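One-letter residues, chain by chain:
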Amino acid sequence: MVVPLLKLQDLIQEIRGAKTQAQEREVIQKECAHIRASFRDGDPLQRHRQLAKLLYVHMLGYPAHFGQMECLKLIASPRFTDKRVGYLGAMLLLDERHDAHLLITNSIKNDLSQGIQPVQGLALCTLSTMGSAEMCRDLATEVEKLLLQPSTYVRKKAILTAVHMIRKVPELSDIFLPPCAKLLHERHHGVLLCTITLIMELCERSPAALRHFRKMVPQLVQILRMLVTTGCSTEHSVSGVSDPFLQVQILRLLRILGRNHEESSETMNDLLAQVATNTDTSRNAGNAVLFETVLTIMDIHSAAGLRVLAVNILGRFLLNSDKNIRYVALMSLLRLVQSDHSAVQRHRPTVVECLRETDASLSRRALELSLALVNSSNVRAMIQELQAFLESCPFDLRADCASGILLAAERFAPTKRWHIDTILHVLTMAGTHLRDDAVANLTQLIGGAQELHAYSVRRLYSALAGDISQQPLVQVAAWCIGEYGDLLLEGNCEVEPLQVEGEEVLALLEKVLQSQMSLPTTRGYALTALMKLSTRLPGDNYRIRQVVSIYGSCMDVELQQRAVEYNTLFRKYDHMRAAILEKMPLVEQGGPQVDEEAKESKEAAASVPTEPQASKLLDLLDLLDDTSEDAQHPPALNPSPEGTLVHLLDLPCAPPPLGKPQEKGVLEKEGENVLFLLLCRVRLICPFPPVCPYSMPILVGKGFIQSCHSLLAPFRVFPLFQTSSPGQQGPASSPISSHISSHFPIGPQTLPPQALGISCSFYTKCSFPGTSSDWLSRGRHFSLKCQMPSHTTPI
Amino acid sequence: MIKFFLMVNKQGQTRLSKYYEHVEINKRTLLETEVIKSCLSRSNEQCSFIEYKDFKLIYRQYAALFIVVGVNDTENEMAIYEFIHNFVEVLDEYFSRVIMFNLDKVHIILDEMVLNGCIVETNRARILAPLQILDKMSES
């Protein structure tokens, strides 16, 4: 060896002195080469130094597997320093997957039986860290002998090694069970600590052990009591609390033993109360013990008074200035809120305070807890707080907060107006973070609250005028303005006085259309709204017609199609425009439909049998084209929750409720034109194209029907809405097939004067070949067929 | 159960690492960098407990050194927080000089205190006793 070897300290200094990664690597590689050389033919006395250096290098992340055999040699050496480094190396470098590890079994065995305590300690340490199952089995008896040795130093290590062995080889738990009872009588805290860990491990593994140890609950209680009441011995106390670690472990064990067991829980009650009241809470150690106590109380069958005490302790934690304690308290309260709701409610103000934390983990917990605490009595106050939080919270929490608020508002809204206000506020604040169905929900809500139409449209108008970047808000606002534009201009609403000119409204909608920030869907909404306003606003429609014709050449296909159709509506069918653009019928159903709807769209999305059904539709239309007599009757799938799809498009699902005007379907003379008009109507009335991508039934206005009533007679029409029997999905439920079934029922129906309509399905955004215009032409053919009253051909 | 024990400096370099559950060596560096990043990015007023994947991280800062302990769900976070402080006190008592040059001794101390993820001994005197014997042996 020419080059003098570096000591570990020098090596560390050198490595730290390296300025760049490359330099460090160089130093290390050089050193590794030396180490390797030294291992091969070096001085055995220096070997432990080399290995120590190698271990350091290994810690930094460099490969060090060539040191494994050295570890073995060092372990076998009689010198303590060698053994020390060798065992450390074994712990760090070897593990189960390397075959070399079995080779140290023998060395360990020798060391364990030699009776030199430090050596035994080393061996036990290594064994407990990397002992594999075979090693454990071989050495179990040795370890067991050591469990009963007088030396506490070795005993505690032996106990923890036993824990590891049980984890690896559960059968060994039988060997280690009997000594536990005796070990519990120890005075030495270290041994006690380890024994309790061992007992916990045993109890978790087998219920038999659990029963066995339940008998020891009184003894454990005694130990803990002694710890708490006697003056703290200086050697174990940490900031005034006597051995908090031991206390925490005992409490944890008591928790395991007392779970689901009345008797043990009762024995513990007094003690837990005592610990809870006597512990000094000014320092962290005391709080740690208290926290563990609270967890234990929550888990066992404790007396009601004790539970209330636990919740109060948590409440006190919440007021503590230390963040850690507050975090811990919030987490535990979250667990408790399901079972002890009223107790946790008392601490609601403090929880709300925690919302204002700057710490992300704290505010997240506080948010979850606050949402869980909302109920019908405190909903207004809570939602106000949550809204304030929404304005200032970090982005990752916004989505959760917004959806949480909406959900809570839905469940507990005291009045409709408050509900609408809340949703509006959330939309303005955090519109982009919301789920897609929020728009649908809001429109449905607004549509349902007839008395609030004027109010909502004004609020939405002002919100829109302020900011057109939040897409959900824009969509809802556009829809509302379209529907209730006339109310907007009336200007005599007491609550929201607002003077708006027709021109301003049009200008705003145009702005939305032209804005870069608007999504294509939003533009669709805006265009439709403009169209609706052509009937609602006084004056001529020159401006609207201009806009519509401009968009006839828009790049977006969807928008273009709409514009073209509207244009034609202006030109050719002006007399029918008013009827088509009538207000939508109000929706009756409320919340639960949302779930069904979601289920529907999920099922729609997941339906593989779309293919065969769809092809059936294709066949159907083809057959219609060929005027063949054996038109396939679509399978009689259940009419039912098309109710929901239908609902999406504002068709009443139940049989006519509350005397709302029924829509009647009528055909025009020219079948082609009928279909065209029907298509227009789809555009106009369907505010939710993204949600229902496959098919859209069409609802035709009452006025429309009346003007063409006479033409209806010879044709087959069919009930538009079924008596909904929800949940009765057909076996291969796809929106198309079931849609077909609801609108093309088998067999001829005569025309009852009341509740009828025409429905025509076609695809606007589907993965089918051909664009919408394809379907348009198919539809045209199809409608021509309608002129011939045929018994079998459904419309 | 304690999964790992790390001592890291402010620049993110690992000064001591001990894993009580086997982790691949390349995954170790990855784990360390991520853990360190999340701890270093927190300010003083934020709480010392972080949730990271399926561990809980409990960290404490002492001047330029961060001590991070990763535990699984069953541990009492505050007790571990206290334990970290205990460990630092032990180190303080033993080392008069800067710790880092005597890494193996730190390992010995840590082994005395934690065995296979469970806390063994928390009494300062008892922990340092074997070390003092060792020192006497090597001097003689």
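Scroll up to find the structure this text is about.
Residues numbered from 1 in each chain as written. Chains lettered and ligands numbered in written order. Predicted model: local features only at pLDDT ≥ 70, side-chain atom pairs only at ≥ 80, totals over all residues. Heavy atoms only, no water.

Just checking my understanding: could you explain the overall build of chain B for this structure?
Each helix and strand in chain B was counted, giving 4 helices and 7 strands. Reading chain B from its N terminus to its C terminus gives the helix and strand order β-β-α-β-β-β-α-α-β-β-α. The burial tally for chain B puts 64% of its 140 residues in the buried class. Here the analysis covers contacts within chain B between residues at least 6 apart in sequence; of these, 47% occur between residues at least 24 apart. Total accessible area on chain B is roughly 5800 Å²; 52% of this is exposed by carbon and sulfur atoms. (Helix = DSSP H or I, 4+ residues; strand = E, 2+ residues; numbered from the N terminus. Buried < 20%, exposed > 50% of the residue type's maximum accessible area, 1.4 Å probe, protein only. Contact = heavy atoms within 4.5 Å. Areas by Shrake-Rupley, 256 points an atom, 1.4 Å probe, with all protein chains shown as cover.)

Would you mind showing me how to read the sheet that holds strand β5 (residues 65-71) of chain B here?
The strands making up a sheet associate through hydrogen bonds between their backbones, and the pairing can be parallel or antiparallel. All names here are of chain B. In spatial order, the strands read β2-β1-β5-β4-β3; together these 5 strands make up an open sheet with antiparallel pairing. Bordering the open sheet on either side are β2 (14-19) and β3 (49-52), each of which pairs with just one other strand. Taking each pair of neighbouring strands and ignoring which way they run, the sheet shows an average axis angle of 20°. (Pairing = 2+ DSSP bridges. Axes fitted to C-alpha atoms, helices over the stretch in contact; angles between N-to-C directions.)

Even after reading the chapter, I still don't get the packing of helix α26 (residues 437-448) of chain A against helix α28 (residues 471-490) of chain A, so can you show me in this structure?
Helix packing geometry: the angle between the two helix axes and the distance between the axes. All names here are of chain A. Look at α26 against α28: their axes get within 9 Å of each other, and the N-to-C directions meet at 30°. Between α26 and α28, the interaxial angle falls into the category roughly parallel. Both α26 and α28 take part in a crossing whose hand is right-handed. Within the contact between the two elements, α26 uses V439, L442, T443, I446 and G447 and α28 uses P472, Q475, V476, W479, C480 and Y484. Broken down by class, the residue content of the contact of α26 with α28 amounts to 8 nonpolar, 3 polar and no charged. (Parallel < 35°, antiparallel > 145°, perpendicular 65-115°, else oblique. Left-handed = near helix turned anticlockwise from the far one by under 90°. Nonpolar A, V, L, I, M, F, W, Y, C, P; charged D, E, K, R; others polar.)

Explanation requested: the pattern of salt bridges in the structure shown.
Side chains carrying opposite charge are able to pair once their charged atoms draw close together. Under the criterion given, the structure shown has 30 salt bridges over all chains. The closest approach of N and O atoms between K145 of chain A and E142 of chain A, which form a salt bridge, is 4.0 Å. Placement of the pair is K145 of chain A and E142 of chain A together in helix α8 (residues 133-147), with a separation of 3 residues, close to one helical turn. Here E121 of chain B and K156 of chain A are joined by a salt bridge, their closest N and O atoms 2.7 Å apart. Placement of E121 of chain B in the loop between β7 (118-119) and α4 (124-139) and of K156 of chain A in helix α9 (residues 152-168) is noted, with the two residues assigned to different chains. The class of E121 of chain B is buried, set by a relative accessible area of 1%. What emerges from the salt-bridge pattern is a single network uniting R252, R255, R259, E292 and D299 of chain A together with E75 of chain B. (Salt bridge = Lys/Arg side-chain N within 4 Å of Asp/Glu carboxyl O.)

Would you mind showing me how to read the pairing of β5 of chain B here?
Moving residue by residue along a regular strand, the side chains alternate between the two faces of the sheet. Residue and element names in this part refer to chain B. The element β5 is largely enclosed, with a buried count of 7 among its 7 residues. As defined by bridge partners, strand β1 (residues 2-9) adjoins β5 across 7 bridges and the pair is classed as antiparallel. Looking at β5, one finds that F4 is bridged to G70. Taking the residues that link successive antiparallel strands as the turn, the strand β4 (residues 55-62)-β5 hairpin has 2 residues, and the phi of A63 there is positive, at about 50°.

So what exactly am I meant to see when it comes to the environment of D54 of chain B here?
Following the sequence through the fold, D54 of chain B ends up in the loop between β3 and β4. Note: C-alpha distance between D54 of chain B and G70 of chain B (16 residues apart in sequence) is 9.7 Å.

Quick question: what am I supposed to make of the interface of chain B and chain A here?
One frequent convention defines the size of an interface as the accessible area lost when the parts assemble. Contacts between chain B and chain A engage 49 residues on the former and 58 residues on the latter. For the pair chain B and chain A, the summed buried area comes to about 4900 Å², and 56% of that belongs to carbon and sulfur atoms. The tally of links from chain B across to chain A stands at 5 salt bridges. R365 of chain A is the partner of E51 of chain B in a salt bridge, and the nearest nitrogen-oxygen pair spans 2.5 Å. Put simply, chain B and chain A have 14 residue pairs in polar contact (both at pLDDT 80 or more) between them. Going through the elements one at a time, β2, α1 (25-40), β3, α2 (77-94), α3 (103-113), β7 and α4 of chain B are the ones with two or more residues in the side of chain B that touches chain A. Here the side of chain B that touches chain A gets 7 residues from one element, more than from any other, and that element is α2 of chain B. Partitioning the side of chain B that touches chain A into residue classes produces 20 nonpolar, 14 polar and 15 charged. (Buried area = accessible area lost by both parts, 1.4 Å probe. Polar contact = N/O pair within 3.5 Å; in protein donor to acceptor, adjacent residues only side chain to side chain.)

How should I be thinking about the side chain of N86 of chain B in this particular structure?
Within the secondary structure, N86 of chain B is located in helix α2. Taking relative accessible area as the criterion, N86 of chain B reaches 7% and is therefore assigned buried. In this structure the side chain of N86 of chain B is engaged in a polar contact, spanning 3.1 Å, whose partner is the backbone oxygen of T122 of chain B. Excluding anything up to four places from it in sequence, N86 of chain B contacts F245 of chain A together with M113 and T122 of chain B.

What exactly am I supposed to notice about unusual backbone geometry here?
Glycine aside, a negative phi is what most residues show, and trans is what most peptide bonds show. Positive phi values are uncommon outside glycine, yet A63 of chain B reaches one of about 50°. Within the secondary structure, A63 of chain B is located in the loop between β4 and β5.

When you look at the environment of I35 of chain A in this model, what are you seeing that I'm missing?
All names here are of chain A. Here I35 lies in helix α2 (residues 21-41). On the basis of relative accessible area, I35 is assigned to the buried category, the value being 0%. In this structure the C-alpha to C-alpha distance between I35 and R47, which are 12 residues apart in sequence, comes to 8.8 Å.

Looking at this structure, how should I read the nonpolar core?
One recurring pattern in soluble globular proteins: nonpolar side chains tend to sit buried together. One finds F213 of chain A together with F5, F87 and I109 of chain B to be the most contacted residues of the largest nonpolar core, which totals 257 residues. Other than its neighbours up to four places away in sequence, F87 of chain B contacts F5, M7, I67, V106, I109, L110 and M113 of chain B. Counting residues in hydrophobic clusters, the runner-up holds 16 residues, among them F4, V23, I50 and V68 of chain B. (Core = buried A, V, L, I, M, F, W, Y, C linked by side-chain atoms within 4.5 Å.)

Teacher, can you tell me more about helix α24 (residues 395-412) of chain A here?
An α-helical turn contains 3.6 residues, so a residue and the one three or four places further along point in the same direction. The end-to-end C-alpha separation of α24 of chain A is 26 Å, in line with the 26 Å expected for 18 residues at 1.5 Å each. In this structure, the buried side of α24 of chain A is in contact with α22 (360-373), α23 (379-392), α25 (416-430) and α26 of chain A. (Expected span 1.5 Å × (residues − 1).)

It is not clear to me how the packing of aromatic side chains should be interpreted in this structure. Could you clarify?
In this description, an aromatic ring pair is defined by two values, namely the gap between the centres and the angle between the planes. What the rule picks out here adds up to 8 aromatic pairs over all chains. With 6.0 Å between their ring centres and 55° between their planes, Y327 of chain A and F49 of chain B make a pair best called tilted. Taken as a pair, Y327 of chain A in helix α19 (residues 323-336) and F49 of chain B in strand β3 lie in two separate chains rather than in one. Both residues of the pair, Y327 of chain A and F49 of chain B, count as buried. With 5.9 Å between their ring centres and 40° between their planes, F4 of chain B and Y19 of chain B make a pair best called tilted. Residue F4 of chain B is located in strand β1, and its partner Y19 of chain B is located in strand β2; the two are separated by 15 residues in the primary sequence. The buried category is assigned to Y19 of chain B, whose relative accessible area is 9%. An aromatic cluster of three or more residues is present, and its members are Y327 of chain A together with F49 and Y81 of chain B. (Phe/Tyr/Trp six-rings, centres within 6.5 Å; stacked < 30°, edge-to-face > 60°.)

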